[in-house]
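Secondary and tertiary structure notes
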Amino acid sequence: MLRALYVDFNSYFASVEQQLRPELRGRPVVVVPMIADTTCAIAASIEAKRFGVKTLTNVADAKRLCPEIVLVESRPTVYVEFHQKAKAVVESVAPIAAVNSIDEMWIRLGGRDQPRPAAEGLAREIKYRLRQQLGECITCSVGIAPNTFLAKTASDMVKPDGLVVIEPGDLPDVLMPLKLNHFVGIGRKMLQRLNDHGITSTPQLLAADIAKLRDVWGGVEGERFWQKLRGEDVQQRETNTSSISHSHVLAPDKRSHTRAQAVLSRLTQKAAMRLRDSEYVATDISIYLKLRGGEKAKAHQRVDATDRTPAILHTITLLYERLLNDRNVRNTPPTAVGMALSGLLPREGQSLSLFDAQPNTEKLDRVVDQLNLKYGKNTLFWGGAFSAQQSARMAIAFNHIPDLVVESDETGKALPANAKPINTRRSV
């Protein structure tokens, strides 16, 4: 029985750029966070992939592989807006069961849509409408299978613009030629664990029994994986938000600890705003630096539950000072910075610490949020981010689609009726 239809957009960011900029069509394109040889590709066009350029390829290597490569600076807001349009197009054909990332979504097949001809008809209609309504450059690969795991696997088998159906009768033979890391859930670490347990090929994986996979995965996830491989309709587990994080690659002329701290302040203020918007508080704060030469430095601190920007910024400052106690860190320019708020708990019902030395800025934080939502993210900000106002733009992670209202640098929600607008940009 066919239960899932998976839509995977091809070279999404690069394809959107080619659609909006006709001069890029047919040319090898990479989307990058900034125009610099020291950064890496966020996405590569179909043409660039033919030269061996792919996501995370260093720009210098991309130019070596393909001297004609075109670098395009990323425009996250544009990609999110296109994503919303793409969702609407797919929804006009069939209800979307879930959006897995900005370029992946799936449809649960039921009733009359489950026979193969009907399911394939849906896939072709989705492809047709996407081309008609979004443009000729916006293509997708579609996988149809008994469950979402196999449908995702099928969507990866033929790219670009593929359509692959895996029926129960095709199993397990259709999976035999695939590499182990072709399957969702088998990354570098899991691949090593499989190898350590004597599983080095897909035929060996398919031959393993439930007990073996439980042992490899260390629990019930191994059993679930065994079931997915056999086409069983294993329900996806609900996941809660576990962290809110931001990172930024520093431009070559901005690689100093002073600049990194300013960028980190801006990242932190964005994360704190997201934290409050999500109605969470954080109990763990961490930062990391990537240094010239590739070495990384990390630090984290457990804290009393908080969503207050000054308290979080204070901890971030202390963590950075801790890292600078290391002479190697202090004397090596940073190339990227990042931070994370984790150990998240629902804000409702949380008691703040009686021993918190930081001032109560709850009302101030809310006002700052409201003004920034209305007039743009640089309307009001804490002074540590002053020199980084134009840095750390909105980014799109594989598992997080930014909220254009909360996370973009453009205006969004309307202010409450009793809020007082301000007309100048200033720091707090």
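These lines cover the structure that appears in this document, whether it is placed above or below. (Residues numbered from 1 in each chain as written. Predicted model: local features only at pLDDT ≥ 70, side-chain atom pairs only at ≥ 80, totals over all residues. Heavy atoms only, no water.)

1. Observations concerning the packing of helix α9 (residues 210-217) against helix α10 (residues 220-229)
Packed helices, taken two at a time, are described by their axes: the angle between them and the distance between them. In contact at an axis separation of 6 Å, α9 and α10 are set at 130° when each is read in the N-to-C sense. Between α9 and α10, the angle falls in the class oblique. The hand of the α9/α10 crossing is right-handed. Along the contact surface, α9 presents Ile210, Leu213, Arg214 and Trp217, while α10 presents Val220, Glu221, Gly222, Glu223, Phe225 and Trp226. When the residues that make up the contact of α9 with α10 are grouped by side-chain class, the tally is six nonpolar, one polar and three charged. (Axes fitted to C-alpha atoms, helices over the stretch in contact; angles between N-to-C directions. Helix = DSSP H or I, 4+ residues; strand = E, 2+ residues; numbered from the N terminus. Parallel < 35°, antiparallel > 145°, perpendicular 65-115°, else oblique. Left-handed = near helix turned anticlockwise from the far one by under 90°. Contact = heavy atoms within 4.5 Å. Nonpolar A, V, L, I, M, F, W, Y, C, P; charged D, E, K, R; others polar.)

2. Quick notes on a positive patch on the surface
Together, Arg188, Lys189, Lys290, Lys296 and Lys298 line one region of the surface with positive charge. Elements with a contribution of two residues or more to the positive patch: α7 (188-196) and β11 (296-306). By the element assignment, Lys189 lies in helix α7. (Patch = residues over 30% accessible without salt bridge, like charges linked within 9 Å, V, L, I, M, F, W, Y side chains within 5 Å. Areas by Shrake-Rupley, 256 points an atom, 1.4 Å probe, with all protein chains shown as cover. Salt bridge = Lys/Arg side-chain N within 4 Å of Asp/Glu carboxyl O. Lys, Arg positive; Asp, Glu negative; His and termini not counted. Charge placed at Lys NZ, Arg CZ, Asp CG, Glu CD.)

3. A few points about the nonpolar core
If you look at the biggest cluster of nonpolar residues, it comprises 35 residues, and the most contacted ones within it are Leu5, Phe9 and Ile144. Among the secondary structure elements, those contributing two or more residues to this core are β1 (4-9), α1 (12-20), α4 (76-91), β6 (104-108), α5 (116-134) and β7 (140-145). Among the elements that line this core, the one with the most residues is α4, at seven residues. Residue contacts for Phe9: discarding those within four places in its chain leaves Ala86, Asp103, Met105, Leu130, Ile138, Thr139 and Cys140. One finds Leu267, Ala297, Ile316 and Leu344 within the second-largest nonpolar core, a separate group that totals 29 residues. (Core = buried A, V, L, I, M, F, W, Y, C linked by side-chain atoms within 4.5 Å. Buried < 20%, exposed > 50% of the residue type's maximum accessible area, 1.4 Å probe, protein only.)

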